[in-house]
Amino acid sequence: RAKAAGGNRFQLADAEADARAITRHGLTTSLPAALDRGEFFIEYQPLVHLGDGTVHGAEALVRWCHPQHGVLGPDRFIPLAEHTGLIVPLGRWVLEESVRQANFWQERHSDGGPLRINVNLSPTQLHHPRLVAETVDVLERSGLEPGALCLEVTESALIGADDDLLKPLCQLAEMGVDIALDDFGTGYSNLANLRRLPVSVLKLDRSFTRGMQQHPADPVDLKIVEGIVSLAHSLELAVTVEGVETGAQAEQLRALGCDTAQGWYYARPGAPDRIHSLLLADAV
Ligand code: C2E
Ligand code: MG
Ligand code: MG
Ligand code: MG
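As named in an unreviewed UniProt entry, the protein is GGDEF domain-containing protein, taken from Streptomyces violaceoruber.

What follows is the structure in structure tokens.
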């Protein structure tokens, strides 16, 4: 009987795996039409200055409003889009749309100082020969100054990067675009390698901030973050922390010298209006 139940369990697991593969296949084949039909949308999550809590900018996070499956997060479809190459037109759309949005905010809050827009780039986009030209074009058409754009690249995408891969990033950095190393600390970076990269921001992965959620915070995590912050600052890199969920965490990270933060404690990703009202609140 136990054996039979075990057998059923395996059948069930197989059926689930099949269902997942079918869904994956379905999602993959419907990606191009979804882009044409305008099923993607962007949520924005504020980045705040840890010093005074004011809004520093926002990260653009893409979602897919799928007609059958509802709203899908990027982890469900970015890997598929990356695999099929659709990430190139999708990423171009995200860049264009979020830069346009950032310029709209900027024009309405010109005295509030620069407002940054962070956009994620996947490895395929990094390798695309027209990355620099298209980014320049998007910025010029929107009127947003290059210094307001920050492109987030994961640490793993740059591991072992040769000069050919770094050249477009260097060109963008020379124009004033910030490059952030996303999910920092999850890869196997050679810290000395940081000097070679045209990066101006380290985004410390959520796994580090997790240890600060408990009270008292995990002393080892504190030490690691302290070390990364001092290294980053000595290389003149700014430090952003992701996944800040509590006030205690925010306080610890501020005390450790982190510059900016992002997380549910401040705001979940949301519609562009939300950022607009936060900026209005800052202005008073
Ligand atoms: P990421 O760039 O590291 O983005 C941060 C993720 O952490 C987001 O997940 C965000 O919603 C989530 N997050 C923010 N604050 C908190 C918090 O306090 N607690 C917790 N538990 N989570 C928090 P999301 O939106 O699901 O995005 C996942 C990943 O998908 C992103 O990770 C990014 O790598 C990728 N992605 C999103 N949009 C794009 C895009 O337009 N292009 C590309 N290539 N990748 C994208
Ligand atoms: Mg990111
Ligand atoms: Mg990140
Ligand atoms: Mg992350």
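Topic: the pattern of salt bridges
Enumeration over the complete set of coordinates arrives at twelve salt bridges. Put simply, glutamate 96 and arginine 141 hold a salt bridge, and the shortest N to O gap is 2.7 Å. Residue glutamate 96 is located in helix H3 (residues 87–108), and its partner arginine 141 is located in helix H5 (residues 131–142); the two are separated by 45 residues in the primary sequence. The class for glutamate 96 is partly exposed, based on a relative accessible area of 33%. The salt bridge involving glutamate 134 is made with arginine 130; its shortest N-O contact spans 3.8 Å. The buried category is assigned to glutamate 134, whose relative accessible area is 18%. What you see here is one network of salt bridges that share partners, running through Glu59, Glu152 and Lys203.

Notes on the coordination of the magnesium ion (ligand 3)
The protein atoms that coordinate the magnesium ion (ligand 3) are Asp182 (OD), Asp183 (OD) and Glu242 (OE), at distances of 1.6 to 2.8 Å. Motif for the magnesium ion (ligand 3), donor spacing along one chain: D-D-x58-E. If you look at the magnesium ion (ligand 3) and the magnesium ion (ligand 2), they sit 3.6 Å from each other and are both ligated by aspartate 182. Of this pair, aspartate 183 sits in strand S6 (residues 178–184) while glutamate 242 sits in the loop between strand S8 (238–241) and helix H10 (247–255), and the two are 59 residues apart along the sequence. With relative accessibility at 25%, the residue aspartate 183 sits in the partly exposed group.

Here is what the cut-offs are and how they apply
Residues numbered from 1 in each chain as written. Chains lettered and ligands numbered in written order. Predicted model: local features only at pLDDT ≥ 70, side-chain atom pairs only at ≥ 80, totals over all residues. Heavy atoms only, no water. Salt bridge = Lys/Arg side-chain N within 4 Å of Asp/Glu carboxyl O. Helix = DSSP H or I, 4+ residues; strand = E, 2+ residues; numbered from the N terminus. Buried < 20%, exposed > 50% of the residue type's maximum accessible area, 1.4 Å probe, protein only. Donors = N, O, S within 2.8 Å, 3.2 Å for Na, K, Ca; no water.

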